[in-house]
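Each chain, letter by letter, is given below.
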Amino acid sequence: MEGGPCFPLPHFPPPSRPPPRGNPAGTDGSPSLLQGAPSGSPSRQVSRPSAFPSLRPSSRSRWERWALESLLRALFFLLPPPPPAAHFLLQWKSECHFSNGTQRVRFLDRDFYDRQEIDYYDSDLGKYVAVTPLGQPIADQWNSDKAFMQYKKAQVDRFCRHNYETAKTGQMVGRRAKPTVSISPTKLDPASPNTILLCIARGFYPVKIEIRWLKNGRPEEEGVAFGDELQNGDWTYQLQVMLETQPQWGDVYACQVEHASLEAPITVQWAIPIQPPAALMN
């Protein structure tokens, strides 16, 4: 779907008609543009203002006036359109979710405005669902169109199942990419006893992944914060999970990652590094 800014067309008033000659009053008794002047005084002509004050109707023919107005209209359409809004972006994305081959297929058609999802069609529900108030009238309109709803339901077979083999050949279905996992320690405040441990999983696909922190072999939930999955631009993702803690000597922290591409979870450990004695450093 393509679109652009809308703006009103220019309005040019019709050219003024010359005043009637001879009879100072109109045929219907209304006063004419050419009014009678008192005896002994020169006559005065009063006319409506022209759309182009620099042009005198008495000196230019109606054909010249029409040609000039046509030229101005043409120049108007040649002018560059006004710049679009600073944050205008309309997108949509179609998704096919396969389970056990093509035995169970779910089709999603999602609409986004300014990078925020506003509504989506779900084949499992058989209707559009509004995500934001902006998407509510859109969802109501599509859901009330029975013919369009039948068309959307057919997308499961016509779009998803029909392209399954092609998607499988193109490594879109069943594709797996293993994550690489690392731990990065840092201190936000040198005077604070807290340490920030950042577990980073990179380069994995599909997007679903589970990351947990362990302290001395036990799950650690307090002080854990999850980031958002970020796209790398090559159909892989990365995710950061932060742990704020006060490590002690002897504590062992571990970041454990489970993913569909892995036969067993990946576990990366971190502990306070042992500093060598000062005598050995000399």
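Placed above this text is the structure.
Predicted, not measured: the structure shown is a model, and the values here were computed from it.

Parameters at a glance
- Residues numbered from 1 in each chain as written.
- Predicted model: local features only at pLDDT ≥ 70, side-chain atom pairs only at ≥ 80, totals over all residues.
- Heavy atoms only, no water.
- Helix = DSSP H or I, 4+ residues; strand = E, 2+ residues; numbered from the N terminus.
- Buried < 20%, exposed > 50% of the residue type's maximum accessible area, 1.4 Å probe, protein only.
- Contact = heavy atoms within 4.5 Å.
- Areas by Shrake-Rupley, 256 points an atom, 1.4 Å probe, with all protein chains shown as cover.
- Pairing = 2+ DSSP bridges.
- Axes fitted to C-alpha atoms, helices over the stretch in contact; angles between N-to-C directions.
- Phe/Tyr/Trp six-rings, centres within 6.5 Å; stacked < 30°, edge-to-face > 60°.
- Lys NZ or Arg CZ within 6 Å of the ring centre and 35° of its normal.
- Salt bridge = Lys/Arg side-chain N within 4 Å of Asp/Glu carboxyl O.

**A few points about the overall build of the protein**
Scanning the protein from terminus to terminus reveals 6 helices and 15 strands. Taking all 282 residues of the protein together, the buried fraction comes to 24%. Considering only contacts in the protein between residues 6 or more positions apart, those separated by 24 or more positions represent 47%. For the protein, the computed accessible surface area is about 20700 Å², with 55% contributed by carbon and sulfur atoms.

**Details of the sheet that holds strand β6 (residues 127–130)**
Within the open sheet, the 4 strands sit side by side as β3-β4-β5-β6. Their pairing is antiparallel. On the outer flanks of this sheet lie β3 (90–99) and β6, each paired with one strand and no other. The average undirected angle you get between the axes of adjacent strands in this sheet is 20°. Bridge count between strand β5 (residues 116–122) and β6: 4 bridges; the pairing is antiparallel. Note that in β6 the partner of Asp-119 across the bridge is Ala-130.

**Side note on the packing of aromatic side chains**
Tallied over the entire structure, the rule returns 11 aromatic pairs. A cation over a ring is seen here: Lys-152 above Tyr-121, with NZ or CZ 5.8 Å from the ring centre.

**Focus: the pattern of salt bridges**
The tally for this structure, following the rule as stated, stands at 10 salt bridges. Asp-124 is the partner of Arg-104 in a salt bridge, and the nearest nitrogen-oxygen pair spans 3.1 Å. Here Arg-104 is found in strand β4 (residues 104–113), whereas its partner Asp-124 is found in the loop between β5 and β6, with 20 residues between them in sequence. With relative accessibility at 41%, the residue Asp-124 sits in the partly exposed group. The salt bridge involving Arg-161 is made with Asp-157; its shortest N-O contact spans 2.7 Å. With a relative accessible area of 30%, Arg-161 lands in the partly exposed category. The partly exposed category is assigned to Asp-157, whose relative accessible area is 46%.

**Quick word on the environment of Thr-186**
Along the chain, Thr-186 falls in strand β7 (residues 180–186). For the pair Thr-186 and Ile-196, spaced 10 residues apart in sequence, the C-alpha to C-alpha distance is 5.2 Å. Those residues in contact with Thr-186 that sit more than four places away from it in its chain are Thr-195 and Ile-196.

By themselves, these observations are geometric and do not establish any function.
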